[in-house]
Amino acid sequence: MKIDSKLYVDYLQNAYQLIHENEKYVTDLDLATGDGDHWSNLNKGFAALVAMEDELRSMPLDQMFMKIGMTMMATIGGSSGVLYGGAYMAASKTLKGKDHMEAADLQLVLAAMLKDIQSRGKAERGFKTMIDALAPAVDAFKEGLDQGLSDHELLAQVKEASLEGAEATKTMEAVRGRATYQADKGVGHLDPGAVTMSYQISTLCDTIAKTIE
């Protein structure tokens with residue numbers, strides 16, 4: 001696989017479309033355990049990125065990731081803005097001097113994002129957060145690389161791990177966020193942050209897969 005700034009912006013557009021189309025679903029998930037603003041905040045952030053697509057496409061990868069991070073931090077409200085913004089800024093450091101990403105580079109990008117989100121959010125896997133969709137994807141990516149999977153097999157494995165990770169939040173007790181204040185700690189409900197993270201990872205995999213023969 002070969003991912004340059006132009007292809008990554010294609011992914012951002014596709015992710016925005018999927019997030020935008022799922023307003024009611026994500027908002028209903030959030031209303032069940034939180035304050036209902038997760039979709040509107042994330043949608044606003046991705047809309048801002050899509051609006052600057054021409055500028056982003058023309059940037060080197062590391063600068064593009066830094067710009068994405070700064071934009072997300074400025075436009076996404078609440079803790080999500082800080083977490084997403086910081087994640088992209090951390091990932092930009094792994095891309096310095098690269099004009100494109102190959103599979104191993106993308107794995108390092110996602111791992112850097114995960115590490116930064118865990119650090120800023122003081123959260124781990126099993127806390128019923130976006131980490132529960134991202135961490136399994138990072139692990140599946142590393143395992144797939146070690147196994148020598150083809151690009152298509154690798155992307156399918158990463159996508160499946162993320163979607164399964166999001167689904168697993170249904171049985172978890174929340175350790176972070178507003179759901180911790182509820183008597184049931186959100187048990188029985190999917191975490192909206194994990195769901196939207198799985199949207200992003202699955203869309204990223206699908207967007208890249210379409211470019212591979």
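In case you missed it, the structure is sitting above this.
How each quantity is defined
Residues numbered from 1 in each chain as written. Predicted model: local features only at pLDDT ≥ 70, side-chain atom pairs only at ≥ 80, totals over all residues. Heavy atoms only, no water. Helix = DSSP H or I, 4+ residues; strand = E, 2+ residues; numbered from the N terminus. Buried < 20%, exposed > 50% of the residue type's maximum accessible area, 1.4 Å probe, protein only. Core = buried A, V, L, I, M, F, W, Y, C linked by side-chain atoms within 4.5 Å. Contact = heavy atoms within 4.5 Å. Phe/Tyr/Trp six-rings, centres within 6.5 Å; stacked < 30°, edge-to-face > 60°.

Undergrad: I keep staring at unusual backbone geometry and nothing clicks. Help me out?
TA: Glycine aside, negative phi is the norm for most residues, and most peptide bonds take the trans geometry. With a phi close to 50°, Lys122 is a non-glycine residue in the positive phi region. Here Lys122 lies in the loop between helix H7 (103-121) and helix H8 (131-147). Looking at Lys122, the relative accessible area reads 57%, which means it is exposed. Although it is not a glycine, Lys128 adopts a positive phi angle of roughly 65°. Here Lys128 lies in the loop between H7 and H8. The buried category is assigned to Lys128, whose relative accessible area is 3%.

Undergrad: I would appreciate a short explanation of the nonpolar core in the present structure.
TA: Burial of nonpolar side chains together is a common tendency in soluble globular proteins. Counting residues in each nonpolar core, the largest one holds 61 residues, and the members touching the most others are Tyr8, Phe65 and Met113. Here the element with the most residues in this core is helix H10 (residues 192-209); it accounts for eight residues. Those residues in contact with Phe65 that lie beyond four places of it in its chain are Tyr8, Tyr88, Met89, Ala91, Ser92, Leu95, Met101, Val109 and Met113.

Undergrad: Would you explain the packing of aromatic side chains in this entry?
TA: Aromatic rings considered in pairs are described by the distance between their centres and by the relative angle of their planes. For the structure on display, the rule yields four aromatic pairs. Geometrically, the ring pair formed by Tyr8 and Tyr11 is edge-to-face, given 5.0 Å between the ring centres and 65° between the ring planes. Taken as a pair, Tyr8 and Tyr11 lie in helix H1 (residues 5-21) at a separation of three residues, close to a single helical turn. Of the two residues, Tyr8 and Tyr11, both sit in the buried class. Between Tyr8 and Phe65 the ring centres are 4.8 Å apart and the planes differ by 45°, which places this aromatic pair in the tilted class. Of this pair, Tyr8 sits in helix H1 while Phe65 sits in helix H5 (residues 61-75), placing them 57 residues apart in sequence. Each of the two residues, Tyr8 as well as Phe65, counts as buried. The rings of Tyr8, Tyr11, Phe65 and Tyr88 are connected pair by pair, giving a single aromatic cluster.

The analysis is restricted to geometry; functional conclusions fall outside its scope.
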